[in-house]
Amino acid sequence: NAYSRIMTRGDRVIAVSAFIRGYILANYPGTDPARITVIPRGVDPARFPHGYRPPEAWLADWRARQPRLAGRFVVTLPARITRWKGQEDFLQVVMTLHEEGLDVHGLIVGGAAPRRQRFLRELQGRAAAAGLQDRISFLGHRDDLREILSVSDVVFSLAREPEAFGRTALEALCLGVPVIGSDHGGAGEVLGAIFPAGRVAPGDTAAAAARAGEFRRQRPVVPDDNPFTLQRMLDATLAVYAEAAARRSKS
């Protein structure tokens, strides 16, 4: 809206993705493109190391609390409960995989705000109506998302609207876990840079299920070369401020 235009009036404007840069120029056409610098968000590789394995105590507790996951192909959608984050599409993907004979289990990880409780009940009802009550777990908000991502076979990013960046997709990829995601917005950029095999057209649940089936038959290797590190983000951000300060001191 017009009120948000103030964010485009600085000496420099930092956009967290190329998608957001395009969004700024499309919605605030008076913005000088030369003042926009794209600095993607970053993940600390020390916190999300490639090949991470949770502590044995966590694994033992997880197995005790989630016995239905033993031996199953575990797919995870980390996203807060809201209609545009893709939970409905995720249910369709799990149903398709189940109908194709895969011993699959889907985890929906994310909290539901009070005004989203109705949608959560709707999702739970859809899962039950599709006969997936033993194939879907709603885990709610979790403080151990890193661990859950690391024990998943595939992580999904199925937002129906393009996201500014797509941090959870990046976190999973940093851990070495394959991600299947909608090829738009920041998440599409992350997948394109690190793991292009995971990109599918937004809303194409058949393609997402087919890709998951391929990954089930042969787990792909996720490269450990992550261009979206926290340190790169910090260095690039400080460089923008330093350059702006240098210009001010000369004027």
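Every value quoted in this text rests on a predicted model; they were computed, and no experiment measured them. (Residues numbered from 1 in each chain as written. Predicted model: local features only at pLDDT ≥ 70, side-chain atom pairs only at ≥ 80, totals over all residues. Heavy atoms only, no water.)

A.B. asks: Even after reading the chapter, I still don't get the overall build of the protein, so can you show me in this structure?
C.D. replies: Looking only at helices and strands, the protein has 9 helices and 8 strands in total. Against the compact-globule benchmark of 18 Å for 251 residues, the protein has a radius of gyration of 20 Å, which places it among compact chains. Residues classed as buried in the protein amount to 45% of the 251 residues present. When contacts within the protein are restricted to residue pairs at least 6 apart in sequence, those whose partners lie at least 24 apart make up 71%. Within the structure as shown, the protein displays about 12800 Å² of accessible surface, and the carbon and sulfur contribution to it stands at 51%. Each charge class in the protein can be summarised by its mean position, and for the 34 positive and 27 negative side chains these summaries are 5 Å apart. (Helix = DSSP H or I, 4+ residues; strand = E, 2+ residues; numbered from the N terminus. Rg over C-alpha atoms; globule rule 2.2 N^0.38 Å. Buried < 20%, exposed > 50% of the residue type's maximum accessible area, 1.4 Å probe, protein only. Contact = heavy atoms within 4.5 Å. Areas by Shrake-Rupley, 256 points an atom, 1.4 Å probe, with all protein chains shown as cover. Lys, Arg positive; Asp, Glu negative; His and termini not counted. Charge placed at Lys NZ, Arg CZ, Asp CG, Glu CD.)

A.B. asks: Would you explain the sheet that holds strand β5 (residues 136-140) in this entry?
C.D. replies: Each strand in a sheet pairs with another by means of backbone hydrogen bonds, the pair being arranged parallel or else antiparallel. Taken in spatial order, the 6 strands line up as β5-β4-β3-β6-β7-β8 in an open sheet, and their pairing is parallel. Bordering the open sheet on either side are β5 and β8 (199-200), each of which pairs with just one other strand. Strand direction decides the pairing type here: strand β3 (residues 73-78) and strand β6 (residues 154-157), joined by 2 bridges, are parallel. If you follow Thr76 over to β6, its bridge partner there is Val155. (Pairing = 2+ DSSP bridges.)

A.B. asks: I would appreciate a short explanation of the side chain of His105 in the present structure.
C.D. replies: Relative to the assigned elements, His105 resides in strand β4 (residues 104-109). Here His105 falls in the buried class, since its relative accessible area comes to 0%. A polar atom in the side chain of His105 sits 2.8 Å from the side chain of Ser137. Once you skip the residues sitting within four places of it in the chain, His105 turns out to touch Arg68, Leu69, Arg72, Phe73, Val74, Val75, Asp134, Arg135, Ile136 and Ser137. (Polar contact = N/O pair within 3.5 Å; in protein donor to acceptor, adjacent residues only side chain to side chain.)

A.B. asks: What's the story with helix α8 (residues 205-217) in this structure? I'm lost.
C.D. replies: Three or four residues apart is the spacing at which side chains of an α-helix point the same way, because the helix has 3.6 residues per turn. An ideal rise of 1.5 Å per residue puts 18 Å on 13 residues; α8 measures up with 18 Å between its terminal C-alpha atoms. Buried positions along α8 lie against β3, α3 (87-99), β6, β7 (179-182) and β8. (Expected span 1.5 Å × (residues − 1).)

A.B. asks: Explain the packing of aromatic side chains to me, please; I cannot follow it from the model alone.
C.D. replies: The description of an aromatic ring pair uses the distance of the two centres, along with the angle that the planes make with each other. Counted according to the given criterion, the structure contains 5 aromatic pairs. Arranged with centres 5.1 Å apart and planes meeting at 15 degrees, the rings of Trp58 and Trp62 form a pair that is stacked. Of this pair, Trp58 and Trp62 both sit in helix α2 (residues 56-65), 4 residues apart, roughly one helical turn. In this structure Trp62 comes out as buried when scored by relative accessible area, which is 8%. (Phe/Tyr/Trp six-rings, centres within 6.5 Å; stacked < 30°, edge-to-face > 60°.)

A.B. asks: I'm lost on the pairing of β7 in this one. Help?
C.D. replies: Within a regular strand, the side chains alternate between the two sheet faces. In the sheet, β6 pairs with β7 via 3 bridges, with the strands oriented parallel. Its bridge partner lying in β7, Phe156 is registered against Ile180. Regarding topology, helix α6 (residues 167-175) serves as the crossover connection from β6 to the parallel β7, and that connection is right-handed. Where the polypeptide runs from β7 across helix α7 (residues 185-194) and back to β8, its parallel neighbour, the crossover connection is right-handed. (Right-handed = clockwise from strand over helix to strand, strands pointing away.)

A.B. asks: What's the story with the pattern of salt bridges in this structure? I'm lost.
C.D. replies: It is possible for side chains of opposite charge to pair when their charged atoms get near one another. According to the stated counting rule, one finds 20 salt bridges in the structure shown. Counted as one network, the salt bridges with shared partners bring together Arg83, Glu88, Asp89, Glu122, Arg126 and Arg160. (Salt bridge = Lys/Arg side-chain N within 4 Å of Asp/Glu carboxyl O.)

A.B. asks: What am I meant to see in the packing of α3 against helix α4 (residues 117-129) here?
C.D. replies: Packed helices, taken two at a time, are described by their axes: the angle between them and the distance between them. Here α3 crosses α4 at 10 degrees, and the two axes come no closer than 11 Å. As far as their axial angle goes, α4 and α3 are roughly parallel. Where α3 crosses over α4, the two elements pack in a sense that is right-handed. Facing Gln87, Glu88 and Leu91 of α3, the residues of α4 in contact are Phe119, Glu122, Leu123, Arg126 and Ala127. (Axes fitted to C-alpha atoms, helices over the stretch in contact; angles between N-to-C directions. Parallel < 35°, antiparallel > 145°, perpendicular 65-115°, else oblique. Left-handed = near helix turned anticlockwise from the far one by under 90°.)

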